[in-house]
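Analysis of the macromolecular model
Listed here are the chains, written in short residue letters.
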Amino acid sequence: MTARPPTTSFPLRTRVLHQARAICVADYGRGVTAHAGIRGILGDVAARVPVVWDPHPRGAPPVPGCRLVTPNEAEAQGRSAETMREQWQADAVCVTLGSRGAMVATEDDGTVLVAVPSTVMAASGRSDTCGAGDRFAVAATLALADGHAVVPAVTAAVEAAGRFVAAGGAVGVSSPAECGGYRGAAGEATAVIGDVTEIRDRLRSRGGRLVATGGCFDLLHTGHVRLLHQARQLGDALVVLVNSDSSVRALKGPDRPVMADVDRARVLAALACVDAVVIFDESSPEQQLERLRPDVWVKGGDYTEADLPEAAVVRRHGGEVVLLPTVAGYSSSNLIAAMRS
């Protein structure tokens, strides 16, 4: 995927889809999957890379040539996996069956029942299945991207969805103790004040591109979340540098922040796209970036590179500066002013 900000959003999406190792289409019935241009791109890409399509009763039918389509039992409406495979001209269709696993039909293997492993069933003491279908589709996509055949990919996805439910489902992954971020000994999402050398070494040991971004994040809003998600897509790990309370006061005045730095850091660390959070006291993150040395430094498009004194630090260590588009209408300062009025 390109690390440069797009001139227009649709050409960027086209390039990203053509460069992907696999694509997961999650249809929520809002009309996006009916868009002729998007369908045309997906149809072209499906001939070269695995496309996994998670359908919706109100959504558009999958494009022909999908590697795997994953309706649940209710969405199948009594149709067999093989019938839907032929109808949708898919390589395979998998009907997810909840605690009973999944029924997958392929042209080569016929129809196969993939059961939930007994070890996963034994660990499951909760019934919250919210998000299990999404977890299944993503896990199957990742397995296909790694080169697995359909039935082994479905097997891995059944296990992943089973573990997801056993861990408490969507409620479990929404808990700070269960989500991504730098963890203390007790497993709680933890902010690190000062030296980032340990974080850098830990994340570098995984390999791949290290991405960093920074700001006050007081209050966290949709624009922040979108920027963080897009930043994470530019590499393999994301570190967020957060201004301390004293730093925010120096930048924005004595009435700020409205949330303490540790609380802001914990909220950020609970996001799945964030791998580590660092609180720093200076007005600029230059000192932290000297130690972190990210491959990519991301800021919102309301800045220019001339506004960023830290850009020189990033480039001196071989990194790249990327400015991502902001979401119009979202501002922490405006939200705080509206609340106080």
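Residues numbered from 1 in each chain as written. Predicted model: local features only at pLDDT ≥ 70, side-chain atom pairs only at ≥ 80, totals over all residues. Heavy atoms only, no water.

Those residues of helix α2 (residues 36-46) that sit buried are Ile41, Leu42, Val45 and Ala46. Around the axis of α2, the buried residues are gathered within 130° of arc, so they sit on the same side. (Buried < 20%, exposed > 50% of the residue type's maximum accessible area, 1.4 Å probe, protein only. Helix = DSSP H or I, 4+ residues; strand = E, 2+ residues; numbered from the N terminus. Arc of directions from axis to C-beta.)

What follows concerns the environment of Leu238. With respect to the helices, strands and loops of the structure, Leu238 is situated in strand β9 (residues 237-243). Measuring from C-alpha to C-alpha, the distance between Leu238 and Ala212 comes to 5.4 Å, with 26 residues separating the pair along the chain.

For the rest of this paragraph, the subject is the pairing of strand β2 (residues 51-54). Of the two faces of β2, both are covered, the one formed by Val51 and Trp53 as well as the one formed by Val52 and Asp54. Here strand β1 (residues 23-26) runs beside β2; their pairing, made up of four bridges, is parallel. Bridge pairing links Val25 to Trp53 in β2. Tracing the backbone out of β1, into α2 and back to the parallel element β2 gives a crossover that is right-handed. (Pairing = 2+ DSSP bridges. Right-handed = clockwise from strand over helix to strand, strands pointing away.)

Attention now moves to unusual backbone geometry. A cis amide bond, omega 5°, links Arg256 with the succeeding residue Pro257. Tracing the backbone through its elements, the reader meets Pro257 in the loop between α11 (245-252) and α12 (261-269). At Phe217, a position not held by glycine, the phi torsion is positive, near 55°. Assignment of secondary structure puts Phe217 in the loop between β8 (210-215) and α10 (222-232).

Our focus in this paragraph is the pattern of salt bridges. Tallied over the entire structure, the rule returns 13 salt bridges. Arg67 is the partner of Asp91 in a salt bridge, and the nearest nitrogen-oxygen pair spans 3.4 Å. Placement of the pair is Asp91 in the loop between α4 (81-88) and β4 (92-96) and Arg67 in the loop between β2 and β3 (68-69), with a sequence separation of 24 residues. Arg264 is the partner of Asp245 in a salt bridge, and the nearest nitrogen-oxygen pair spans 2.9 Å. Taken together, the residues span a long stretch of sequence, with Asp245 in helix α11 and Arg264 in helix α12 at a distance of 19 residues. Like Arg264, Asp245 is buried. (Salt bridge = Lys/Arg side-chain N within 4 Å of Asp/Glu carboxyl O.)

As a note on interpretation, predicted positions should not be read in detail where pLDDT is low. Averaged over all residues, the pLDDT of the protein is 81; the fraction at 70 or higher stands at 77%. Across the protein, β3 holds the top mean pLDDT of 97, while helix α8 (residues 169-173) sits lowest at 46. Under a pLDDT of 50 for its full length, residues 170-190 has, in the predicted model, 42 contacts with residues more than four places off or in other chains. (pLDDT = per-residue confidence, 0-100. Contact = heavy atoms within 4.5 Å.)

Tracing the backbone shows Gly207 in the loop between α9 (197-204) and β8. For Gly207, a relative accessible area of 37% translates into the label partly exposed. Sequence separation between Gly207 and Asp236 is 29 residues; the distance between their C-alpha atoms is 7.9 Å.

Let's shift gears to the packing of helix α6 (residues 132-145) against helix α7 (residues 150-166). Relative to each other, α6 and α7 sit at 145°, their axes nearing to 8 Å. As α6 packs across α7, the resulting crossing turns out to be right-handed. Here Ala132, Arg135, Phe136, Ala139, Ala140, Ala143 and Leu144 of α6 come into contact with α7, specifically with Val150, Ala153, Val154, Ala157, Val158, Ala160, Ala161, Phe164 and Val165. By residue class, the composition of the contact of α6 with α7 is 15 nonpolar, no polar and one charged. (Axes fitted to C-alpha atoms, helices over the stretch in contact; angles between N-to-C directions. Left-handed = near helix turned anticlockwise from the far one by under 90°. Nonpolar A, V, L, I, M, F, W, Y, C, P; charged D, E, K, R; others polar.)

Before going further, it helps to spend a moment on the side chain of Thr33. Along the chain, Thr33 falls in the loop between β1 and α2. Given the relative accessible area of 8%, Thr33 is considered buried. Beyond its immediate stretch of four places on either side in the chain, Thr33 contacts Val25, Asp27, Arg39, Trp53 and Ala60.

This paragraph deals with α10. Within the sequence span of α10, burial applies to Gly223, His224, Leu227, Leu228 and Ala231. End-on view of α10: buried residues confined to an arc of 130°, all on one side of the axis.

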